[in-house]
Amino acid sequence: PEETVTGSFASFISAARPEHLSQTVRQRSKRMILDSIGVGLVGSTTRVFDIALRYCRLYSSVAVSSVYGKPGVKLSPTLAAFTNGVATHSMDFDDTWHPATHPSGAVLPALLAASQMLPPNTKPNGLDFLLAFNVGLEVQGRLMHFSTEAHDIPKRFHPPSVVGTLGSAAATAKLLSLSPAQCCHALGIAASLAGAPMANAATQAKPLHVGNATRLGLEAALLAARGMEANPVILDDIPGCSGFSAFYGVYQPRPLPAPGQQHEFLLEKQDIAFKRFPAHLGMHWVVDAALSVRNLFIDHAGSFSPSLIRSIMLKIPVSKYINRPFPSSEHQARHSFQFNACAALLDGEVGLGSFSESSIQRQELRELLDKVVVEHPEDNVANFDKMYGEVALLLHTGDVLTGKCDTFYGHWRKPLSKESLLKKFRSNASHVLPEEKIEAIITLVDNLENLSDSSQL
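Residues numbered from 1 in each chain as written. Predicted model: local features only at pLDDT ≥ 70, side-chain atom pairs only at ≥ 80, totals over all residues. Heavy atoms only, no water.

Participant: Report on unusual backbone geometry, specifying residues and quantitative values.
Facilitator: Of the consecutive residues His98 and Pro99, the connecting peptide bond is found in the cis state with omega at -5°. Considering the arrangement of structural elements, one finds Pro99 in the loop between helix H4 (77-89) and helix H5 (108-117). A positive phi angle is found at Ala202, which is not glycine, with a value near 65°. Here Ala202 lies in the loop between helix H8 (180-191) and helix H9 (206-225). (Helix = DSSP H or I, 4+ residues; strand = E, 2+ residues; numbered from the N terminus.)

Participant: Tell me about the nonpolar core, and name the residues and values.
Facilitator: Membership of the largest hydrophobic core comes to 96 residues, with the highest contact counts inside it found for Phe9, Ile33, Ile37, Leu143, Leu235, Phe244 and Tyr248. Top element by residues in this core is helix H6 (residues 126-144). It accounts for ten residues. Sequence-distant contacts of Leu235, defined by excluding residues within four places in its chain, comprise Val5, Thr6, Phe9, Leu143, Leu166, Leu187, Phe244, Tyr251 and Pro253. Formed by 49 residues, the second largest nonpolar core is a distinct cluster that contains Phe277, Ala279, Phe339 and Ala343. (Core = buried A, V, L, I, M, F, W, Y, C linked by side-chain atoms within 4.5 Å. Buried < 20%, exposed > 50% of the residue type's maximum accessible area, 1.4 Å probe, protein only. Contact = heavy atoms within 4.5 Å.)

Participant: Explain the UniProt feature "domain: MmgE/PrpD C-terminal" (unreviewed entry) in the protein to me, using residue names and the numbers behind them.
Facilitator: The sites that UniProt annotates as "domain: MmgE/PrpD C-terminal" (unreviewed entry) are residues 277-449. In residues 277-449, helix accounts for 40% and strand for 14%; the two terminal C-alpha atoms are 30 Å from one another. (UniProt positions renumbered as here; feature names shortened; annotations may be inferred.)

Participant: Please give an account of the domain arrangement of the protein that cites residues and values.
Facilitator: As assigned here, the protein comprises domain 1 (5-275 + 417-456) and domain 2 (281-405). Between the C-alpha centres of domain 1 and domain 2 the distance comes to 33 Å. If you look at the interface, domain 1 gives 21 residues, while domain 2 gives 18 residues. Our count for the domain 1 to domain 2 interface comes out at zero salt bridges. For the pair domain 1 and domain 2, the number of links is five residue pairs in polar contact (both at pLDDT 80 or more). Along the lines of polarity and charge, the residues of the side of domain 1 that touches domain 2 split into ten nonpolar, seven polar and four charged. (Domains from an automatic or database assignment. Salt bridge = Lys/Arg side-chain N within 4 Å of Asp/Glu carboxyl O. Polar contact = N/O pair within 3.5 Å; in protein donor to acceptor, adjacent residues only side chain to side chain. Nonpolar A, V, L, I, M, F, W, Y, C, P; charged D, E, K, R; others polar.)

Participant: Outline the sheet that holds strand E6 (residues 400-405), supporting the account with residue identities and numerical values.
Facilitator: Spatial ordering of the open sheet is given by E4-E3-E5-E6, a layout of four strands whose pairing is mixed. Looking at the sheet topology across the chains shown, the edges are occupied by strand E4 (372-375) and E6. Direction aside, the axes of adjacent strands within the sheet are offset by 20° on average. Strand direction decides the pairing type here: strand E3 (residues 309-315) and strand E5 (residues 389-395), joined by six bridges, are antiparallel. Bridged to Leu314 within E5 is Val391. Helix-sheet contacts for helix H11 (residues 283-301) involve E3, E5 and E6, and the interaxial angle to E6 is about 145°. (Pairing = 2+ DSSP bridges. Axes fitted to C-alpha atoms, helices over the stretch in contact; angles between N-to-C directions.)

Following this line, the structure appears as structure tokens:
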């Protein structure tokens, strides 16, 4: 039969081998795994995580898979994947790729849960785990590249709820050693389980998008393993019958080359953005710009004094769901250009504490928000690879001070150093784990290729 796009993806998933992962891909993906675990651990302290966990504990059958930050608590594999996915995205602290999606949180919890589900004599080793993780990343990245729409900050649906679900299915299919036909059906089943609207951004429902992606992808692979079938050309562009193209107005799929000499993993070409503080990725541009102009202000006036500021001009791209002048909740604040710029100006930093209710409701912060004016320059496009953030302070003296950021520290063009990544992980994990366990995880991930049983993660 003629080769199809969907068939090429299925063949790739089945044929990928550890030797196909370059040293660069291995190192970058291990950084992602470590960061994602840390983000999940600190995320297990949030209210939305507690809600998800209480729901999942209603179902206690086959409780074999661990939950972030809850020693002794185990759930069924799919519900553990769901709960850990919610934890990972509960603070919007997880990694981001381009085109825009959160790749790790949609894949890692499914693999962690599945590795504990398998019988002792069939446990995948660390190298198998690392390979499956990278297969899940690759499928997400390739799907995102099939549409020019995917390159911009999303408007209709949250990308990890779509490409993440298929990435989770692909990763789990690889970990379970499914046949090419089963991999094909897993992708088709996952496509029927995918999707979440952007209207739920900046609410407690948004973390469910990542939780569902990793859970439903795992379920798709398990269903395919048990013989369920789906459309074998789900990724192809079939006139008059929408498959994966239902999610995009512009959709131009291409076959995925077989792993080996003619294939280069996308992670080889482009690194990942790791966030320094828990907020939507777009916030990192305005925070760095605000910190820059704050330093100029201190040099100019000797100290930071909000009373000297007449107005604050933000030059940001057009994106309705992150243009929030007066956020009233934690999740709204994480998705507000205005809030993050003003918090950075007022405090000289943005961190976990910035999004507490007491911090959000501060009178001095509200007074700064009242001074914010927004502009959308035509050259500032809503695209994580092209956008910039600019913060200008107009003082009562008439002086104007300006800070601009086109690449924040942590962006794929300006990656976090090993020291910065480890500092972030240790800080996040310390909210629920003692120091010796934190260091053990760092060592375990760093030597993942040599781990004989990946369920030890």
